[in-house]
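Here is what each chain is made of, one letter per residue.
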Amino acid sequence: MIKIEGLKKSFNGKKVLDGADLEIEKGKITVIIGRSGEGKSVLIKHIIGLLKPDDGRIMLDEQELTALNDADLNEARKRFGMLFQGAALFDSMTVAENVGFPLKEHTSLSWEEILKTVTEKLQRVGLVGVEDMMPADLSGGMKKRVGLARAIVMDPEIVLFDEPTTGLDPIMSDSVADLVLDTQKALNTTYILISHDIPFSYKIADKIAMLHEGKIIAEGTVKQMKENQNPILRQFLEGRAEGPIKVY
Amino acid sequence: MKNIFNNKARITNAYLEKLGKDAVALIKAVGLMSLMLGSALKLAATPPFKLKNVFKQMEFVGVQSLFVVVLTGSFTGMVLALQSFTALKRFGAESMVGPTVALSMARELGPVLSGLMVTGRAGSAMATELGTMRVTEQIDALATMAVNPVKHLISPRVLAGICMFPVLTIVTDFVGVIGGYLVGVRLLGINSGVYIGRTVDLLHVQDIFSGLTKSLFFGLITTLVACHYGYYTTGGAEGVGKAATNSVVTASVLILVSDYILSSFMA
């Protein structure tokens, strides 16, 4: 289980996280929703140690992630996989080299063995015969799939997704939702996603948490969130310009 | 009258504020570069060694820069022979063209010109590549995969710069001397034996080594500055462009300034 406790972070005096608290259950899909610029990416970057909090802590089981030194943090990161918003594939490498990169860095497997695992993971995300392609030759949806294959190639316990449907058409978004559900079920991994795509979140989430003004203001199952009468949450879920959230 | 004084005070304050901000930014950049250099060298010496990455960067910095330094070196040697011949002829010292070309190339022009040319070619490309990797989150992706980005990206580039700049300087020196010889002997009619004999007599090993020592520093400066600006890029495509420009300008200025400092120590 991951426990986020009183997480605070400011950039140049601007508060982005202001005491965020959240519990993320093992083996479940948790979606963190919120408006653009509310600090969702900042929150997951704290979970994987790309950012250090000004205050508060993150516990992964009994380990305090936010207190680890660089070497221990690197060890802890081997328990994670991450899919970035733009997939963050390495431009200079082929799809196979991208997906196999973590295995090449952290195992003593031969390239043939790595390639076998890479092909298997690519098939799991619905891609066949793309091993030798370069990232520049892939569509947005394919990039996300390759990014997911890379994120799960080491069979991590936790996978983080940064806006997995941003820039995709509704059909492709639904296909990514299916992919998330299929892979999570097959691997029994903890998935943490950030998104502002409400239909996508409803489809995949075991739990949804809403981040607003640096705090988690509501959390629960899809049913609980649909029934929650918090006006800020309602405005966001219903996608209305009028309401307590001011549009600038 | 009071308004004029107020305006002057406001302009002075704004100027001082900008000066202060620039000074803080400079100190911060120097600090970050020092820390980056320390980590890059420490991580380069820590297993597992990323030799393949180092060789790849050596090929990029060294082999791919050969054409440009050969072109620069040969034409510099040729023009140096031409100009020094005109000057030396006035007091009957045409035989000194060879040593003039060789000494100038070995001590000064070889390292500085190859340094500046490689900064323009490889330094800008490095800053652009790293900057693009930063804004597309590829550097963050490395970190999330428990791969140290400094060890993976910065150490090989800095090592390649330190190793390849002296090699490129030797090439520049060599083609410069050949270019000078061709112009001096074939075009201007200086006796070949005199040209070579004088050059061999007056060019000492320490002249070549002083140039190579400089080039080692220039290699470090170019790669470190490029890596710094690329690694800390912010602001999308515009930021990447700025990183490339800043790295070339800063590295070029630092090469010229450090050239004077190193020359004064070696004089």
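Residues numbered from 1 in each chain as written. Chains lettered and ligands numbered in written order. Predicted model: local features only at pLDDT ≥ 70, side-chain atom pairs only at ≥ 80, totals over all residues. Heavy atoms only, no water.

(A) Highlighting the overall build of chain A. Along its length, chain A carries nine helices and 10 strands. Against the compact-globule benchmark of 18 Å for 248 residues, chain A has a radius of gyration of 18 Å, which places it among compact chains. Contacts in chain A between residues at least 24 apart in sequence constitute 64% of all its contacts with a sequence separation of at least 6. A total of about 11,300 Å² of accessible surface is found on chain A, and carbon and sulfur atoms cover 49% of it. Averaging the coordinates of the 32 positive side-chain charges in chain A and doing the same for the 38 negative ones gives two points 4 Å apart. (Helix = DSSP H or I, 4+ residues; strand = E, 2+ residues; numbered from the N terminus. Rg over C-alpha atoms; globule rule 2.2 N^0.38 Å. Contact = heavy atoms within 4.5 Å. Areas by Shrake-Rupley, 256 points an atom, 1.4 Å probe, with all protein chains shown as cover. Lys, Arg positive; Asp, Glu negative; His and termini not counted. Charge placed at Lys NZ, Arg CZ, Asp CG, Glu CD.)

(B) Broad picture of the overall build of chain B. When you go through chain B residue by residue, the secondary structure sums to nine helices and zero strands. In sequence order, chain B lays out its α and β elements as α-α-α-α-α-α-α-α-α. Principal axes of the C-alpha set define a box for chain B whose edges measure 70 × 65 × 30 Å. Taking the contacts inside chain B whose residues are at least 6 apart along the sequence as the reference set, 84% of them involve residues at least 24 apart. Here chain B has roughly 13,500 Å² of accessible surface; of this, 71% comes from carbon and sulfur atoms.

(C) Broad picture of a nonpolar patch on the surface. All names here are of chain B. Taken together, the side chains of V249, V253, V257, Y260, I261 and F265 present a nonpolar region at the surface, about 650 Å² in accessible area. Looking at the element boundaries, V257 is found in helix α9 (residues 236-266). Relative accessible area serves as the criterion here: at 44%, V257 is assigned to the partly exposed category. (Patch = residues over 30% accessible without salt bridge, like charges linked within 9 Å, V, L, I, M, F, W, Y side chains within 5 Å. Salt bridge = Lys/Arg side-chain N within 4 Å of Asp/Glu carboxyl O. Buried < 20%, exposed > 50% of the residue type's maximum accessible area, 1.4 Å probe, protein only.)

(D) Structural detail: the environment of R150(A). Tracing the backbone shows R150(A) in helix α5 (residues 140-152). Take R150(A): its relative accessible area is 4%, and that puts it in the buried class. As a C-alpha pair, R150(A) and A87(A) span 63 residues in sequence and 9.5 Å in three-dimensional space. Residues within four places of R150(A) in sequence aside, it is in contact with A87(A), A88(A), L89(A), F90(A), N98(A), V99(A), P102(A), A141(B) and M145(B).

(E) Representation of the side chain of E163(A). Residues and elements named next belong to chain A. In this fold, E163 is placed in the loop between β7 (158-162) and α6 (170-187). For E163, a relative accessible area of 7% gives the class buried. At a separation of 3.2 Å, a polar atom in the side chain of E163 contacts the side chain of T166. Setting aside residues no more than four positions away along its own chain, E163 makes contact with K40, Q85, K144, I194, S195 and H196. (Polar contact = N/O pair within 3.5 Å; in protein donor to acceptor, adjacent residues only side chain to side chain.)

(F) Spotlight on the sheet that holds β7(A). Residues and elements named next belong to chain A. The strand order across the open sheet built from six strands is β6-β7-β8-β3-β9-β10, with neighbouring strands paired in mixed fashion. Where the open sheet ends on each side, the last strands, each with one partner, are β6 (80-83) and β10 (215-220). If you compare each strand with its neighbour and ignore which way they point, the axes differ by 20° on average. The pairing of strand β3 (residues 29-33) with strand β9 (residues 207-212) spans four bridges and is classified as parallel. Its bridge partner being in β9, T30 is matched across the sheet by K207. Against the sheet, helix α9 (residues 231-238) makes contact with β3, β9 and β10, and its axis sits at roughly 105° relative to β9, the strand it touches most. (Pairing = 2+ DSSP bridges. Axes fitted to C-alpha atoms, helices over the stretch in contact; angles between N-to-C directions.)

(G) Structural view of the interface of chain A and chain B. Tallying the contact residues gives 20 residues for chain A and 15 residues for chain B. Summed over both sides, the interface between chain A and chain B buries roughly 1,500 Å², with carbon and sulfur atoms accounting for 59% of that surface. Across the chain A-chain B interface, the total number found is three salt bridges. D140(B) is paired through a salt bridge with K45(A); the nearest N and O atoms lie 3.7 Å apart. Elements represented by at least two residues in the side of chain A that touches chain B include exactly α2 (70-77) and α3 (95-106) of chain A. No other element matches α3(A), which puts four residues into the side of chain A that touches chain B. Residue composition of the side of chain A that touches chain B, by class: nine nonpolar, four polar and seven charged. (Buried area = accessible area lost by both parts, 1.4 Å probe. Nonpolar A, V, L, I, M, F, W, Y, C, P; charged D, E, K, R; others polar.)

(H) Inspection of the state of the cysteines at higher detail. Residues and elements named next belong to chain B. Tallied over the entire structure, the rule returns zero disulfides over all chains. C163 forms no disulfide, and the closest cysteine sulfur to it belongs to C227, at a distance of 14 Å. Assessed through its relative accessible area of 38%, C163 is described here as partly exposed. (Disulfide = S-S within 2.5 Å.)

(I) Seen up close, the environment of A160(B). All names here are of chain B. Structurally, the position occupied by A160 is in helix α6 (residues 149-187). On the accessibility criterion, A160 (0% relative accessible area) is buried. Once the C-alpha coordinates of A160 and K56 are considered, the two residues, 104 residues apart in sequence, prove to be 8.6 Å apart. Residues contacting A160, with those up to four places away along its chain left out, are V54, Q57, M58, V61 and F165.

(J) Seen up close, the sheet that holds strand β2 (residues 14-24) of chain A. Residues and elements named next belong to chain A. With respect to topology, four strands assemble into an open sheet ordered β2-β1-β4-β5, the strand pairing being antiparallel. In this open sheet, the two edge strands, each paired with only one partner strand, are β2 and β5 (63-64). Taken together, the two bridges between strand β4 (residues 55-60) and β5 define a ladder with antiparallel strand orientation. Looking at β5, one finds that L60 is bridged to Q63. Those strands touched by helix α1 (residues 40-47) are β1 (2-11), β2 and β4, and its axis lies near 120° from that of β1.

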